[in-house]
Amino acid sequence: MIFEWFKRMAPRGLYGRAALILLLPVVTLQLVISVSFIQRHFEGVTRQMTRSVMLELRYLETEVSGAETVDAARREAAAVGAPLDLGTRLPAADLPLRDLVKFFDLSGRAVIATLRDGLGGLLAVDMTRRSQVAVWVDTRHGPLEISFDRRRVSASNPHQLLVLIIVLGALLTLVSYLFLRNQLRPITRLASAASAYGRGRVVPYRPSGAAEVRAAGGAFLDMRNRIERQSQARVLMLSGISHDLRTPLTRLRLGLSMLADEEEAQPLIGDVDEMRRLLDAFLDFARGDAADAVEDVDPAALLARVVEDAQRAGQAVVLLPIEGSCGPVPLRPVALRRALENLIGNALRYGNRAEVALQIGPRNLRITVEDDGPGIPADLRDEAQRPFTRLDPARNQDRGSGVGLGLAIVADIARTHGGTLRLSDGAKLGGLHAELVLAR
């Protein structure tokens with residue numbers, strides 16, 4: 001229970017946890033020293049000093065009680081108290097009914113307890129005066145008030161040690177945190193570079209810090225360079241495939257269109273067009289966003305252009321009012337446009353109309369496309385995002401067939417933007433609700 005509570009309350013960031021690691025032992029050490037050492041030390045010193053003064057008080061009480069008259073007792077008190085630096089008044093006035101001490105005066109309580117234990121005729125003690133202690137002792141001539149300097153029974157300035165511990169603890173903690181921050185900064189830089197690369201952005205990074213952090217940074221750079229080389233090789237390969245396959249298909253279609261028997265050639269032309277469409281789908285999926293550079297793009301304007309193009313093509317799609325606002329966001333515009341066109345195309349292939357919405361949050365962008373089609377069962381939604389998956393029982397195939405790459409392309413583009421694709425039931429139109437979440 002306590003461990004779970006501490007786990008929930010602990011800082012999430014690296015700097016916060018480092019500060020907690022520094023502060024927790026320092027504060028604990030200060031509390032232990034304050035309670036177990038300082039309090040006991042000053043209480044012991046106070047009791048020892050009080051016993052020394054108590055011997056003088058006991059002697060003064062004996063001499064005053066031995067006098068025959070009040071005047072003689074008063075003279076005896078003055079004669080004995082002056083050399084001992086004790087102020088006396090006999091008979092005493094304004095005798096308090098109880099001991100007076102402030103609630104935070106720990107050494108004052110120790111003084112009173114020591115006097116109560118060793119001074120039999122003690123009537124009351126006043127520890128509330130600024131720099132004086134007043135003690136009332138019972139004598140045969142009446143109450144005797146004795147006053148003396150507070151410093152004779154209490155250690156002077158006991159708070160200085162506490163202040164010194166707190167100030168030095170805070171100063172050393174600050175110095176330690178500054179040194180530790182220099183060690184943590186390379187880790188945060190590595191995390192930022194890895195997070196940016198996961199979102200499709202390559203930021204400058206140079207390994208620094210401790211040997212282990214440098215090794216991790218070097219491994220990250222090697223991995224990033226290998227991925228970049230593979231991405232460039234994929235772009236070159238796809239360019240060659242696109243050129244090498246499209247040209248023969250174009251010649252084949254042209255040759256078929258020139259045949260004399262058009263009825264016999266028409267099915268073959270349809271097969272060639274189908275092959276071209278399948279090739280385009282495969283290349284789109286294999287290409288992803290490898291050749292698409294990251295640019296600062298206004299997501300609202302990009303979405304509006306995609307919806308306008310769909311409307312000009314006669315598609316029943318509506319753009320809902322945009323929630324929130326922001327400036328340009330680093331995105332891959334070509335890949336994102338391809339993802340939006342796939343979502344809108346899928347929605348209208350299996351439904352009659354679609355609604356598109358954009359919600360701009362502080363950390364992410366949420367683009368939703370909802371249709372009025374049959375939707376996808378919940379247990380098949382993860383499978384629908386896999387490549388080459390066609391959910392024939394779940395979707396209406398009367399509007400055209402696909403190769404099972406539309407949602408897979410969208411999911412892949414979402415991942416390269418540090419986001420995800422979520423599928424659910426549409427609450428408004430009743431069809432499929434596709435939510436494309438992109439990190440900002």
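Quick summary incoming for the structure in this document. (Residues numbered from 1 in each chain as written. Predicted model: local features only at pLDDT ≥ 70, side-chain atom pairs only at ≥ 80, totals over all residues. Heavy atoms only, no water.)

Counting its secondary structure elements, the protein chain contains eleven helices and eleven strands. Counting over 440 residues, the protein chain shows a buried share of 37%. Counting only contacts in the protein chain whose residues sit at least 6 apart along the sequence, the fraction spanning at least 24 positions is 64%. Of the accessible surface of the protein chain, which amounts to about 25,200 Å², a share of 58% is contributed by carbon and sulfur atoms. (Helix = DSSP H or I, 4+ residues; strand = E, 2+ residues; numbered from the N terminus. Buried < 20%, exposed > 50% of the residue type's maximum accessible area, 1.4 Å probe, protein only. Contact = heavy atoms within 4.5 Å. Areas by Shrake-Rupley, 256 points an atom, 1.4 Å probe, with all protein chains shown as cover.)

Moving on to the sheet that holds strand β8 (residues 354-360). Across the sheet, which stays open at both edges, the five strands sit in the order β6-β8-β9-β11-β10 with mixed pairing between neighbours. On the outer flanks of this sheet lie β6 (317-319) and β10 (420-425), each paired with one strand and no other. Neighbouring strand axes in the sheet, compared pairwise and without regard to direction, differ in orientation by 20° on average. With seven bridges connecting them, strand β9 (residues 364-371) and strand β11 (residues 432-439) associate as antiparallel partners. When the bridges of β11 are listed, L365 appears paired with L438. Here helix α8 (residues 299-312) sits on the sheet in contact with β6, β8 and β9, set at roughly 155° to β6. Helix-sheet contacts for helix α11 (residues 406-416) involve β10 and β11, and the interaxial angle to β10 is about 130°. (Pairing = 2+ DSSP bridges. Axes fitted to C-alpha atoms, helices over the stretch in contact; angles between N-to-C directions.)

A surface patch of nonpolar side chains, amounting to about 580 Å² of accessible area, comprises L164, L168, L171, L172, V175 and F179. Secondary-structure assignment places L171 in helix α5 (residues 159-198). Take L171: its relative accessible area is 46%, and that puts it in the partly exposed class. (Patch = residues over 30% accessible without salt bridge, like charges linked within 9 Å, V, L, I, M, F, W, Y side chains within 5 Å. Salt bridge = Lys/Arg side-chain N within 4 Å of Asp/Glu carboxyl O.)

So, on to the nonpolar core. As a rule of thumb, nonpolar side chains are buried together in soluble globular proteins. By size, the foremost hydrophobic cluster in this structure holds 39 residues, and its most contacted members are L343, I344, V356, L421 and L436. Of all elements in the fold, only α8, β7 (329-331), α9 (333-350), β8, β9, α11, β10 and β11 reach the threshold of two or more residues within this core. Among the elements that take part in this core, α9 stands out by supplying eight residues, more than any other. If you look at the next biggest cluster of nonpolar residues, it comprises 25 residues, including V53, L60, L115 and L144. (Core = buried A, V, L, I, M, F, W, Y, C linked by side-chain atoms within 4.5 Å.)

The next point concerns helix α4 (residues 106-118). For α4, built from 13 residues, the straight-helix expectation of 18 Å at 1.5 Å per residue is met to within 8% by its first-to-last C-alpha distance of 19 Å. Buried within α4 we find G108, A110, V111, I112, T114 and L115. (Expected span 1.5 Å × (residues − 1).)

Attention now moves to the pattern of salt bridges. When the charged atoms of two side chains lie near each other, side chains of opposite charge can form a pair. Applying the stated criterion to the full structure yields 16 salt bridges. The residue E341 makes a salt bridge to R337 at a minimum N-O spacing of 3.2 Å. Of this pair, E341 and R337 are both found in helix α9, four residues apart, which corresponds to roughly one turn of the helix. Among the residues examined, R337 registers a relative accessible area of 23% and is labelled partly exposed. Linking R381 and D425 is a salt bridge whose minimum nitrogen-to-oxygen distance equals 2.4 Å. Separated by 44 residues along the polypeptide, R381 in helix α10 (residues 381-384) and D425 in strand β10 bring together distant segments of the chain. Connected through salt bridges with shared partners, the residues R89, D126, R129 and E145 form a single ionic network.

What follows concerns the sheet that holds strand β3 (residues 132-139). Hydrogen bonds between backbone groups are what pair the strands of a sheet, and the pairing can be parallel or antiparallel. Sheet architecture is open: four strands sit in the order β1-β4-β3-β2, paired in antiparallel fashion. Looking at the sheet topology across the chains shown, the edges are occupied by β1 (87-89) and β2 (122-126). Recorded for the sheet is a direction-independent mean angle of 20° between the axes of neighbouring strands. Two elements, β2 and β3, share four bridges in a ladder whose sense is antiparallel. The residue of β3 that forms the bridge with D126 is A134. Most of the contacts of α4 go to β2, to which it runs at about 170°, and overall it touches β2 and β3.

What follows deals with the pairing of β9. Most of β9 is tucked away: six of the eight residues are buried. Across seven bridges, β8 lies against β9 in antiparallel orientation. Bridged to V356 within β9 is V369. The turn joining β8 and β9, which pair antiparallel and follow one another in sequence, is formed by three residues.

A few words on the side chain of R381. Classification of R381 as buried rests on a relative accessible area of 12%. Within the structure, R381 has its side chain in polar contact with the side chain of D425 (distance 2.4 Å). Ignoring anything within four residues of it in the chain, the contact list for R381 reads I376, L423, S424 and D425. (Polar contact = N/O pair within 3.5 Å; in protein donor to acceptor, adjacent residues only side chain to side chain.)

Read these as geometric descriptors, not functional statements.
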